Amino acid sequence: MCSTNSTTEHPIYDATVSKVGAYENCTVRLKGWLYNKRSSGKIIFIILRDGTGIIQCVASVNGIGQDEFEKLDKLNQESSLIVEGVVKKDPRAPGGYELEVKNYYIVSEAFDDYPITLKEHGIEFLLDNRHLWIRTPRQRAILTIRAQIVKACRDFLDKEGFVNVDAPILTPSACEGTTTLFSTDYFGEKAYLSQSGQLYNEAAIMAFGKVYCFGPTFRAEKSKTRRHLIEFWMVEPEAAFMTFDEMLVLEENMVTYIVEHVLANCQNELSEIGRDPEKLSQVKPPFPRITYSDAVDLLKRNGVDISWGDDFGAADETAIAKEFAKPVFVTHYPTKIKAFYMQPTPGDPETVLGADLLAPEGYGEIIGGGERIYDYHLLLERIHEHNLPLEDYEWYLDLRKYGSVPHSGFGMGIERVVAWICGLGHVRETIPFPRMLNRLRP
RNA sequence: UCCUCGAUAGCUCAAUGGCAGAGCAUCCGGCUGUUAACCGGAGGGUUGCAGGUUCGAGUCCUGCUCGAGGAGCCA
């Protein structure tokens, strides 16, 4: 990267912590924040954070002079600064490289009461200080993995020929009429925040064939568990002519692609959060498939008090997923516990062509999807059965009037996937600024 | 909405019904290879709020507020 046969001119390279290994014995300039420091009289170790990583910078009185040394020694945690120095390989330094400081500039000196110290903190305090908490290496790693998961979703679907057609956030009515929605005023008319882009996707596939929407979703439910956020992100692929079985294959290929992408690109981040990649590398197609009926039998054998027709609780999902090392599909749910648009199973109208994908290790449902009703008359019947306001679904019924085709789609919850891949105990760390019951700030 | 647990220094936590404490952070001082550095010193409190019992309440009782975990709910 740089030549070591130095002339009288010593070039200074702008670098980042993550790339510093390429500049061994060269002078580089790093821009970042003071994460921590350790001082020992005439030598000081500055731990610099620049967003790409953390590096130890060593400054001595001999190297930068008494005045500059004392100024640096008094610098507060999280002060922003620019450091110039020589990159040295040193096994004593965390990360294997350190910077021998030749020069530094303080950009902004931080106040002396930065709340997030390097000691332990409680979750309430950390969430109150989420705007600062995201600076810590662990949170940076999780959110970096999230970004890579999002990228992998888009890369995979683009590669498979899906077109990104986003659905509106402001909608005139509930997509399903089941869940509690946030309402807002739309110039005198009531509008709701989207809980799914699926119905709009179904319109879009008749124009593009294969589409996906990717955006935030809002549920005004008073859910208070490790798997729930009030505002979360979903990617929802939908394709014309795609059968139920083809959809399952698409799902397992997408999940596998995401896991492989993270394993290939986020080694440092996985190691930072202490996630064992071994468990993830087992995720390869095909994923096991179990029908709802067989899942009920499995639970009964394990002593769970459940009868056919009951929906699964979180503990049930965990018990089912525990039987498998890979994500598992639960298919053919009872018609009455699924949404109105689900296509009945041929020859078995009591169940539908719907499937949930349950993540391993107790992370529960990460995908829900299925084949949609494409017959006009059946769909109309279901809308009546569910007492849905017909006027809100007229455009949706139009899709069955003008060139309807069999089609399928699914929705994947990004935060639950991030929680699973990162091995986290709660989805609140998987999104930059979580919106939860009792928490709207910061 | 329900169940369980919790709230004491900026943070994490101690304190048998009997003087309000420690570590970290902050401030002052020391130390030329530290690894959440270490060593010495200082400042820092309406014990979530409102009542009650008691000679005496951080501690026991009642109500409330806030939070956490879970349930219900939830493609």
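Residues numbered from 1 in each chain as written. Chains lettered and ligands numbered in written order. Predicted model: local features only at pLDDT ≥ 70, side-chain atom pairs only at ≥ 80, totals over all residues. Heavy atoms only, no water.

If you walk through the whole model with that rule in mind, you get 15 aromatic pairs. Taken together, a centroid distance of 5.4 Å and an interplanar angle of 65° make the contact between Y186 and F187 edge-to-face. According to the relative accessible area criterion, Y186 is partly exposed, its value standing at 42%. In this structure, K338 is placed above the aromatic ring of Y333, and the distance from its NZ or CZ to the ring centre is 4.2 Å. The positively charged end of R400 is found above the aromatic ring belonging to Y396, 4.3 Å away from the centroid. (Phe/Tyr/Trp six-rings, centres within 6.5 Å; stacked < 30°, edge-to-face > 60°. Buried < 20%, exposed > 50% of the residue type's maximum accessible area, 1.4 Å probe, protein only. Lys NZ or Arg CZ within 6 Å of the ring centre and 35° of its normal.)

Let's shift gears to the side chain of E202. Relative to the helices and strands, E202 resides in helix α6 (residues 198-208). Here the side chain of E202 touches Y396 through a polar contact of 2.5 Å, side chain to side chain. (Helix = DSSP H or I, 4+ residues; strand = E, 2+ residues; numbered from the N terminus. Polar contact = N/O pair within 3.5 Å; in protein donor to acceptor, adjacent residues only side chain to side chain.)

Another aspect to go through is the sheet that holds strand β13 (residues 289-291). Read from one edge to the other, the open sheet built from eight strands follows the order β7-β11-β12-β19-β18-β17-β14-β13, with strand pairing classed as mixed. Edge positions in the open sheet fall to β7 (163-164) and β13, since each of these has one partner strand only. Two strands pair when backbone bridges link them, and β13 and strand β14 (residues 328-331) are joined in this way by three bridges, in the parallel orientation. For R289, the partnering residue across the bridge sits in β14 and is F329. This element, helix α5 (residues 137-159), spans β7, β11 (210-218), β12 (231-240) and β19 (407-413) of the sheet and lies at about 155° to β11. (Pairing = 2+ DSSP bridges. Contact = heavy atoms within 4.5 Å. Axes fitted to C-alpha atoms, helices over the stretch in contact; angles between N-to-C directions.)

Within the largest apolar cluster, 61 residues are counted, with the highest numbers of intra-cluster contacts made by I145, V235, M254, V255, M412, W420 and I421. Sorting elements by how many residues they give to this core places helix α7 (residues 244-265) first, with 10 residues. The residues touching I421, leaving out its near neighbours within four places in the chain, are I145, I149, I258, V259, V262, L270, R275 and L280. The next biggest cluster of nonpolar side chains, apart from the first, holds 30 residues, and it includes V296, I373, I383 and Y393. (Core = buried A, V, L, I, M, F, W, Y, C linked by side-chain atoms within 4.5 Å.)

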